[in-house]
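# Coordinate inspection notes
The chain contents come next:
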Amino acid sequence: MGVILKREVKNYVKSPLLWIGIAAVAFMVFQNVRPYLQIHYLAEGEEIVNEYPETFRDGDVFDGYVPIEGEQRRKAWEERIQKTLLSAFLLDPAGAQAVIDEMKEMDVPAACNYLEEYGFYGAYGIYADTAYRKGTRREINSYIAQKLESRTFSYYFSRKFADFAGLFLGFFATLFLSVLFMQDTRKDTWELLHTKPVGAGEYLVGKAGSGFAVCALLLMVLSLIFWALCAIFTKSSGFAVRLTDFLLAGCLYILPNMLMIVSVYSLISLLFKSPLPAVPLLLLYMVYSNMGSRNAEGVYGYYGRPFAIMVRFPGTFFDTAPPPLVLLNQGFLLLASAGILFISARIWKRRRFY
């Protein structure tokens with residue numbers, strides 16, 4: 001097992017495609033997380049200028065937005081509803097105000113249902129659009145300080161890193177690991193391997209372990225790169241940056257997905273005596289894992305899917321959160337991977353020559 005694992009890892013490390021892949025993935029991840037590296041306390045007289053609307057559902061702090069809470073958000077929502085009633089439904093000011101007054105004692109879901117009875121759809125979407133508003137320098141600095149009271153800056157940044165690193169690393173691993181069983185499934189090599197005194201478990205753990213080790217190596221390199229970038233870019237702001245935040249995010253949200261990809265390759269390669277059928281299957285699996293859905297209120301977004309091999313964090317920087325039950329799903333992936341490798345070992349053993 002150890003000999004197989006070391007040999008395969010060495011072959012991967014010697015391949016220029018591995019390091020080209022690391023560079024490509026690092027570049028794509030950087031392009032997506034670069035705005036978060038620009039977050040800082042605004043100096044006296046400094047302001048963030050943009051042409052975005054006053055309220056915005058995806059407004060982030062680096063664009064000068066802060067969240068709206070409680071009555072302020074309700075008021076902003078009602079103002080948007082009233083403007084829509086005047087412009088789209090052609091109500092007079094008195095009629096529009098009457099609708100708003102009727103909604104005063106209702107919570108947001110009840111008010112949305114009330115509006116739908118009169119043909120006003122999309123009220124909840126308007127409510128989502130009022131989640132953030134442009135803030136003043138004092139409000140932005142206060143918001144940043146509040147979020148960093150109990151958490152490090154790297155705690156939030158590592159989640160965004162895990163979001164995009166998991167996405168691009170998953171697609172890269174799907175394509176790059178296709179050669180993991182390529183040589184072994186050739187007819188002459190396949191028959192020769194099955195005459196050797198190597199156990200099924202030893203062979204599978206060595207092969208799958210080497211693929212997983214390469215994925216872990218890739219993730220480690222990426223984690224070190226972005227930990228260093230995060231520390232450099234935020235040094236002047238004095239934000240706390242810890243390497244352990246990146247390592248923990250990678251272990252929780254990325255490595256179980258990589259293990260599942262390796263396990264699927266093992267099963268398909270031994271089942272069809274070729275790893276190539278696994279490529280389109282895994283690409284479809286990645287697409288399935290990245291698909292959004294609608295919640296109970298009908299709002300479209302990313303809420304995670306059962307046995308997904310991708311964990312996304314689509315929220316704003318300081319308010320991002322993992323999808324519901326994500327840790328349970330990652331645990332299921334580990335169990336499923338173990339089951340797939342067990343089945344793969346049985347297939348290998350049944351096709352052994354004596």
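A short tour of the structure in this document, coming up.

Conventions we followed
- Residues numbered from 1 in each chain as written.
- Predicted model: local features only at pLDDT ≥ 70, side-chain atom pairs only at ≥ 80, totals over all residues.
- Heavy atoms only, no water.
- Helix = DSSP H or I, 4+ residues; strand = E, 2+ residues; numbered from the N terminus.
- Buried < 20%, exposed > 50% of the residue type's maximum accessible area, 1.4 Å probe, protein only.
- Contact = heavy atoms within 4.5 Å.
- Areas by Shrake-Rupley, 256 points an atom, 1.4 Å probe, with all protein chains shown as cover.
- Salt bridge = Lys/Arg side-chain N within 4 Å of Asp/Glu carboxyl O.
- Axes fitted to C-alpha atoms, helices over the stretch in contact; angles between N-to-C directions.
- Parallel < 35°, antiparallel > 145°, perpendicular 65-115°, else oblique.
- Left-handed = near helix turned anticlockwise from the far one by under 90°.
- Expected span 1.5 Å × (residues − 1).
- Core = buried A, V, L, I, M, F, W, Y, C linked by side-chain atoms within 4.5 Å.

### Details of the overall build of the chain
Helices and strands together make up the secondary structure of the chain, namely 14 helices and five strands. Going through the 354 residues of the chain one by one, you find that 46% of them count as buried. Considering only intrachain contacts with a sequence separation of at least 6, the fraction spanning at least 24 residues in the chain is 75%. About 18,100 Å² of surface is accessible on the chain, with carbon and sulfur atoms providing 62% of the total.

### Some points on the pattern of salt bridges
As enumerated under the stated definition, the model contains eight salt bridges in all. Put simply, Arg137 and Glu44 hold a salt bridge, and the shortest N to O gap is 3.6 Å. With Arg137 in helix 7 (residues 137–147) and Glu44 in the loop between helix 2 (16–37) and strand 1 (55–56), the pair connects residues that are 93 residues apart, well separated along the chain. With a shortest N-O distance of 2.9 Å, Glu78 and Arg74 are connected by a salt bridge.

### So, the packing of helix 4 (residues 93–103) against helix 5 (residues 108–117)
At a closest axis distance of 10 Å, the pairing of helix 4 and helix 5 adopts a crossing angle of 140°. The angle between helix 4 and helix 5 falls in the class oblique. The two elements helix 4 and helix 5 cross, and the hand of that crossing is right-handed. Of helix 5, the residues touching helix 4 (which contributes Val99, Glu102 and Met103) are Ala111, Tyr114 and Leu115.

### Observations regarding unusual backbone geometry
A positive phi angle, close to 60°, is found at Phe307, a residue other than glycine. Note that Phe307 resides in the loop between strand 5 (300–301) and helix 14 (326–350). Looking at Phe307, the relative accessible area reads 37%, which means it is partly exposed. Of note, the phi angle at Leu325 is positive, near 60°, even though the residue is not glycine. Looking at the element boundaries, Leu325 is found in the loop between strand 5 and helix 14. The class for Leu325 is exposed, based on a relative accessible area of 64%.

### Comments concerning helix 3 (residues 70–87)
Between its first and last C-alpha atoms helix 3 spans 26 Å; for 18 residues at 1.5 Å apiece the expected length is 26 Å, and the two agree. Inspection of helix 3 places Arg73, Arg74, Ala76, Trp77, Glu78, Ile81 and Leu85 among the buried residues, and these make up the whole buried set.

### A few points about the nonpolar core
Membership of the largest hydrophobic core comes to 66 residues, with the highest contact counts inside it found for Val29, Ile39, Phe157, Phe226 and Phe318. For this core, the secondary structure elements donating two or more residues are helix 2, helix 7, helix 8 (153–176), helix 10 (200–233), helix 11 (243–253), helix 12 (255–272), helix 13 (278–289) and helix 14. The dominant element in this core, judged by the number of residues it contributes, is helix 8, at 13 residues. Once you skip the residues sitting within four places of it in the chain, Phe157 turns out to touch Val33, Tyr36, Leu37, Phe226, Cys230, Phe246 and Phe317. If you look at the next biggest cluster of nonpolar residues, it comprises 16 residues, including Ile100, Val108, Ala111 and Phe120.

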